[in-house]
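Observations on chain architecture
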Amino acid sequence: MAPMSGKGRWTKMAKAAFPLLLLGLMGAVGGCNLQGTGGGGAACQHPLFGPETPKWVCSFPEAWLDTVDAQPEDLPSGTPGELLGEVQGVPGEVTLRAGAHGPALGYLKIPGFPEHRFLVTRRVPKIVDGVCVDPPLQGCFAHAFERYGLTYPSVGMYQIVGNAGAPTKLFPNLTGKDGQLGGEWEWLVQMRATNMVYWPADPVDYARHLRELPDPDNGKTYAFKTRYRIELRPGKYPKILPEYRVLEPRRVPEHDAYPMTQGYARLARQMANQYRIPEEAAKGYTPWPELDALQHHWDNESYYAFRLGSGVVTPPTPLCQPGVGWAMPFYVGPFVPRKVPVDYDRVPREIWEQGNFIQKLGALQAYVSYFNHKVFLVDGDVVDYSVGESGFAGGWGTHLPYIIGFPQRDMPPQYPVHGFGDPPGRTFRTAILYRFTAMTGWEPDPSHPYGEDEWHIVWSDVYLGGTRDNPDCRTLGVGFHTYDRATSAMLDSFFGLAQVGGGLEYLYPFGPAPILSRLGDFLYDGSSLTRVRPGELRLPSWALPPGW
């Protein structure tokens, strides 16, 4: 199922924001002239971090704070369904700063439930996501500067302008206990930058920078929190109100032994192998093995997602817009536990020569795709099934959470996962049961990382009361559980996991996809994937998690 928000677009940093970027860069190029290997010192201690203060914090202590730069006021006219979509995907302008100085992981917490944190977003420095789009690739950063008036320094912020849903992906709609709307981010940031003495020419040159001129803080992990609340207003978009404070900052050296990322460019393999497509070779693309070897990917995902966190899917929580109705959004992050390089030599030659643009891009992915199978439950009954790409198969770096909701098709009244008018005045349990499969080599194996062959479940007890104009919506409880492999194998059998799914040939040329054949047989048909009616199938008693 596609995200509810509209498709926005990444924009390159506006020239007006360039002074801000330079402000953030000052700390990395000498805003504080530290001595020694500890990254701190008497001349550059900040109350936030003490003796291990990263040097860039001295000149820009707010460098980690995301900001909402613009958000709209009045809702447009539309049907109740259209308005519910609007409040779940608020347009606006935001600036992302967590991840400007190294990879960052964002764990989302629901108000009132501090025991669970869900890994749903990831960030990398801007240079990792900087795309060289034209040959020659050698020296492409300088070419981008000439063409766009921009460069790709080793640290920097993202601006997302006019992206439908961007603000609510940075500040998701989460309804907690007592009906408060907001959330808390817990961030882990791992320093990875270079002492800049000149702008790098291209990703290979940047990798050389990191080897020869590393920042003394590289590899150190820091943690901090940020909070926000959201105000729902009749006839208006939700008002996002960040606290704009760095909370509980600290060094967390226990995570230093688990590097978050490897490689230095998210599209390195694709760009280095673009010559395989005849019309791209005609434009001047040539093999560049040195770039190919620098492909970026996220690392130690099992550790960060399922050892430190409560998985990569939040439980659904109610979003009740006064005067309109309610929905059950939840947020999904990526998980690609094994980085299996695509064997380009296996791609049928006709794909390179005659395939459509989408097929060629799919064939040029850096790694074998993973898919996230999601079974939607209400009070233990299966009400829908969807499959989506788990992300980062192409080595992408910065990832905002996907906003997903329960299906908008008609539901029997006993499953009030969305609606208009007065809420039903009842409490019920929603849940997302999910597992991952690789497109090839997906069969369970003892060597697979923890979290790949296991099923996971998140659930929430929600209350929907009040009236249409004055709703009373609350999340009364949440839970998370990872099944052991024996029970997971039983769930595989129960749902009929098999490599029989069709519908991906346009994207991935290597044959049918694994799918839960008892629930569906086609991956993308533009609507619901399930062929069972809501309530026709129920989660068996042996699969109920502890605390259910």
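See the structure above.
This text gives an overview of the structure that appears in the document. Because the structure is predicted, anything quoted here is derived from the model rather than measured.

1. Points about the overall build of the protein chain
Broken down by element type, the protein chain carries 14 helices and 23 strands. Out of the 548 residues in the protein chain, the part that is buried amounts to 61%. In the protein chain, the share of contacts with a sequence separation of at least 24, taken over all contacts with a separation of at least 6, comes to 75%. Here the protein chain has roughly 20300 Å² of accessible surface; of this, 53% comes from carbon and sulfur atoms.

2. Focus: the sheet that holds strand S20 (residues 456-466)
Reading across the sheet, the 5 strands line up as S16-S15-S19-S20-S21 and stay open at both edges, with antiparallel pairing between neighbours. Strands with a single pairing partner mark the edges of an open sheet, and in this sheet they are strand S16 (381-389) and strand S21 (471-482). Strand-to-strand twist of the sheet, defined as the mean angle between neighbouring strand axes without regard to direction, takes the value 20 degrees. Pairing of strand S15 (residues 370-378) with strand S19 (residues 426-438) involves 9 bridges; the strand directions are antiparallel. The residue bridging Val 375 from the neighbouring strand is Leu 433, located in S19.

3. Some words on a nonpolar patch on the surface
A cluster of nonpolar side chains, Val 197, Tyr 198 and Leu 213, forms an exposed patch at the surface whose accessible area comes to about 280 Å². Judged by relative accessible area, which is 60%, Val 197 ranks as exposed.

4. A short note on the side chain of His 448
With respect to the helices, strands and loops of the structure, His 448 is situated in the loop between S19 and S20. Classification of His 448 by relative accessible area gives buried; the value is 8%. Reaching out from His 448, the side chain makes a polar contact with the side chain of Asp 453 at a distance of 2.9 Å. Ignoring sequence-local partners within four residues, the contact set of His 448 consists of Arg 338, Gly 441, Trp 442, Glu 443, Asp 453 and Arg 485.

5. Concerning the state of the cysteines
Under the defined criterion, the tally for this structure stands at 1 disulfide. Disulfide pairing is shown between Cys 320 and Cys 473; the S-S distance is 1.8 Å. For the disulfide bridge between Cys 320 and Cys 473, the dihedral angle about the S-S bond is near -100 degrees, and by the sign convention the bridge is left-handed. With Cys 320 in strand S12 (residues 319-321) and Cys 473 in strand S21, the pair connects residues that are 153 residues apart, well separated along the chain. Its relative accessible area of 6% is what places Cys 320 among the buried residues. Overall, the relative accessible area of 9% leaves Cys 473 in the buried class.

6. Topic: the sheet that holds strand S18 (residues 419-420)
Across the sheet, which stays open at both edges, the 3 strands sit in the order S12-S13-S18 with antiparallel pairing between neighbours. At either end of the open sheet lies a strand with only one pairing partner, and these are S12 and S18. Direction of pairing for S12 relative to strand S13 (residues 325-327): antiparallel, over a ladder of 3 bridges. Looking at the pairing, Gln 321 lines up with Gly 325 of S13.

7. Side note on the environment of Ser 541
Tracing the chain through its elements places Ser 541 in the segment after strand S23 (513-516). Residue Ser 541 is classed as exposed on the basis of its relative accessible area of 62%. It is 9.3 Å that separates the C-alpha atoms of Ser 541 and Gly 380, two residues lying 161 residues apart in sequence.

8. Regarding the pairing of strand S6 (residues 182-190)
The element S6 is largely enclosed, with a buried count of 9 among its 9 residues. By the alternation rule, side chains of S6 split into Gly 182, Glu 184, Glu 186, Leu 188 and Gln 190 and Gly 183, Trp 185, Trp 187 and Val 189, which are all buried. Taken together, the 6 bridges between strand S3 (residues 104-109) and S6 define a ladder with antiparallel strand orientation. Directly across from Leu 105, in S6, lies its bridge partner Leu 188. Note: S6 against strand S7 (residues 221-231), 9 bridges, orientation antiparallel. When the sheet's bridge partners are listed, Glu 186 is paired in S7 with Lys 225.

9. Some points on unusual backbone geometry
In the segment running from Pro 135 into Pro 136, the intervening peptide bond is cis, with an omega of 0 degrees. One can find Pro 136 in the loop between helix H4 (126-129) and helix H5 (140-148). Even without glycine at this site, Tyr 244 takes up a positive phi of about 55 degrees. Checked against the element boundaries, Tyr 244 lands in the loop between strand S8 (239-242) and strand S9 (247-251). In this structure, Glu 248 takes a positive phi of about 50 degrees despite not being glycine. You can call Glu 248 partly exposed: its relative accessible area is 43%.

10. Re the pairing of S21
Two faces, one strand: in a regular strand the side chains alternate between the faces of the sheet. Relative to S21, S20 runs antiparallel, the two being bridged by 11 bridges. If you follow Trp 459 over to S21, its bridge partner there is Gly 479.

11. Some points on the side chain of His 297
For His 297, the location among the structural elements is in strand S11 (residues 297-298). Those residues in contact with His 297, other than ones at most four positions away along the chain, are Met 260, Thr 261, Gln 262, Lys 339 and Tyr 367.

The rules behind these values
Residues numbered from 1 in each chain as written. Predicted model: local features only at pLDDT ≥ 70, side-chain atom pairs only at ≥ 80, totals over all residues. Heavy atoms only, no water. Helix = DSSP H or I, 4+ residues; strand = E, 2+ residues; numbered from the N terminus. Buried < 20%, exposed > 50% of the residue type's maximum accessible area, 1.4 Å probe, protein only. Contact = heavy atoms within 4.5 Å. Areas by Shrake-Rupley, 256 points an atom, 1.4 Å probe, with all protein chains shown as cover. Pairing = 2+ DSSP bridges. Axes fitted to C-alpha atoms, helices over the stretch in contact; angles between N-to-C directions. Patch = residues over 30% accessible without salt bridge, like charges linked within 9 Å, V, L, I, M, F, W, Y side chains within 5 Å. Salt bridge = Lys/Arg side-chain N within 4 Å of Asp/Glu carboxyl O. Polar contact = N/O pair within 3.5 Å; in protein donor to acceptor, adjacent residues only side chain to side chain. Disulfide = S-S within 2.5 Å.

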